[in-house]
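Below are the chains, spelled out letter by letter.
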Amino acid sequence: MKGVVLISGSGSNLQSIIDNANDINLDIEAVISNKEAAYGLERAKKANITTHTLDHKQFSSREAFDQNLSQLIDQYNPGVIILAGFMRILTEEFTQKYTGKMLNIHPSLLPKFQGLNTHQRAIDAKETEHGVTIHFVTAELDGGPIIAQSQIKVLEDDSAESLAKRVLIEEHKLFPKVIHWFTQNQLKLNDNKVTLDGKLM
Ligand code: NHR
Ligand code: GAR
């Protein structure tokens, strides 16, 4: 299946997807970043993947940015759009266009800790467990139907950094696995419900 990956930063999740692309039946057609300095762009280039930077600051509105992003994505006719550390909130129009084929990785056990700074917020809330969620993207920020989660224990002396590090290890395992379900057409979104091999998740 053809895929386009959207990033904003380091791209360690992108790297795990690149490293597993053959096994998960994914052709990464392009990597798009809203930030020119994103290290993930270098990772893509090293893997001979086409890259684009679409700087959101060059657009007068979120709508204008999303329209351009959508045009760029559609040139590749992807079956799946993968948000791998993409940090721009997408408009309702954009999310509706790609309903059921856009996946996001979020570093918390949703519905807990939507939005940003999830690791510090989990520590501040004295959570004993934390983790990662993969969900279908809908207009509702971090509120789309959940596909899969991995949990880890929060340790007594964890900082946001140490916690983020251990969550990332789980991210790098879980995302390729979920993408593989999707490229094999095992994963579906219907009426806001997720099924894997026809069974409700
Ligand atoms: N868009 C929609 N409509 N729905 C979702 O579920 C989305 C989305 C866009 C991105 C990723 C998300 C995350 O996993 C994601 C899910 C960015 C922000 C944010 O506040 C929040 C959540 C997520 C991504 N962004 C600021 C903004 O004004 C910019 C922050 C920055 O640049 O550092 O867009 O956490
Ligand atoms: C990851 O932890 C990802 O879950 C999170 O940002 C990090 C990106 O790391 N995503 C979000 O917070 C989305 N708003 P990476 O660039 O090394 O993959």
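Residues numbered from 1 in each chain as written. Chains lettered and ligands numbered in written order. Predicted model: local features only at pLDDT ≥ 70, side-chain atom pairs only at ≥ 80, totals over all residues. Heavy atoms only, no water.

Caption draft 1: Summary view of the site of ligand 1. Surveying the vicinity of ligand 1 reveals 19 residues, the closest of which are Arg 62, Leu 90, Asn 104, Thr 138 and Asp 142. A distance of 2.9 Å separates a nitrogen atom of ligand 1 from a polar atom in the backbone of Leu 90. Considered on its own, ligand 1 offers 720 Å² of accessible surface; in the complex 85% of this is hidden by protein. The element that contributes the greatest number of residues to the shell around ligand 1 is strand β5 (residues 102-106), accounting for 3 residues. Among the residues making up the shell around ligand 1, the classes are represented as 9 nonpolar, 6 polar and 4 charged. (Near = heavy atom within 4 Å. Polar contact = N/O pair within 3.5 Å; in protein donor to acceptor, adjacent residues only side chain to side chain. Areas by Shrake-Rupley, 256 points an atom, 1.4 Å probe, with all protein chains shown as cover. Helix = DSSP H or I, 4+ residues; strand = E, 2+ residues; numbered from the N terminus. Nonpolar A, V, L, I, M, F, W, Y, C, P; charged D, E, K, R; others polar.)

Caption draft 2: Inspection of helix α6 (residues 160-183) at higher detail. Here α6 spans 33 Å end to end across 24 residues, near enough to the 34 Å set by a 1.5 Å rise per residue. Asn 185 lies just past α6 and shows a positive phi near 60°. (Expected span 1.5 Å × (residues − 1).)

Caption draft 3: Structural detail: the packing of aromatic side chains. The final tally for this structure, using the stated rule, is 3 aromatic pairs. When the ring of Phe 59 is compared with that of Phe 65, the centres are 5.8 Å apart and the planes differ by 70°; the resulting orientation is edge-to-face. A relative accessible area of 5% means that Phe 65 is categorised as buried. (Phe/Tyr/Trp six-rings, centres within 6.5 Å; stacked < 30°, edge-to-face > 60°. Buried < 20%, exposed > 50% of the residue type's maximum accessible area, 1.4 Å probe, protein only.)

Caption draft 4: Quick peek at the packing of helix α1 (residues 12-20) against helix α2 (residues 39-46). For the pair α1 and α2, the least separation of the axes is 9 Å and the interaxial angle reads 15°. Judged on the interaxial angle alone, α2 and α1 are roughly parallel. Considering how the two elements wind past one another, α1 and α2 form a crossing that is right-handed. Here Ser 12, Leu 14, Gln 15 and Ile 18 of α1 come into contact with α2, specifically with Gly 40, Arg 43 and Ala 44. Residues belonging to the contact of α1 with α2 are distributed by class as follows: 3 nonpolar, 3 polar and 1 charged. (Axes fitted to C-alpha atoms, helices over the stretch in contact; angles between N-to-C directions. Parallel < 35°, antiparallel > 145°, perpendicular 65-115°, else oblique. Left-handed = near helix turned anticlockwise from the far one by under 90°. Contact = heavy atoms within 4.5 Å.)

Caption draft 5: Up close: the pairing of strand β4 (residues 80-83). Burial along β4 is two-sided: the residues Val 80 and Ile 82 and Ile 81 and Leu 83 are all buried. Alignment of strand β1 (residues 2-7) against β4, held across 4 bridges, turns out to be parallel. Looking at the pairing, Val 4 lines up with Ile 81 of β4. In the sheet, β4 pairs with β5 via 3 bridges, with the strands oriented parallel. Along β5, the bridge assignment pairs Ile 81 with Met 102. Assessed by its sense of winding, the connection that carries the chain from β4 through helix α4 (residues 92-97) to β5 is right-handed. (Pairing = 2+ DSSP bridges. Right-handed = clockwise from strand over helix to strand, strands pointing away.)

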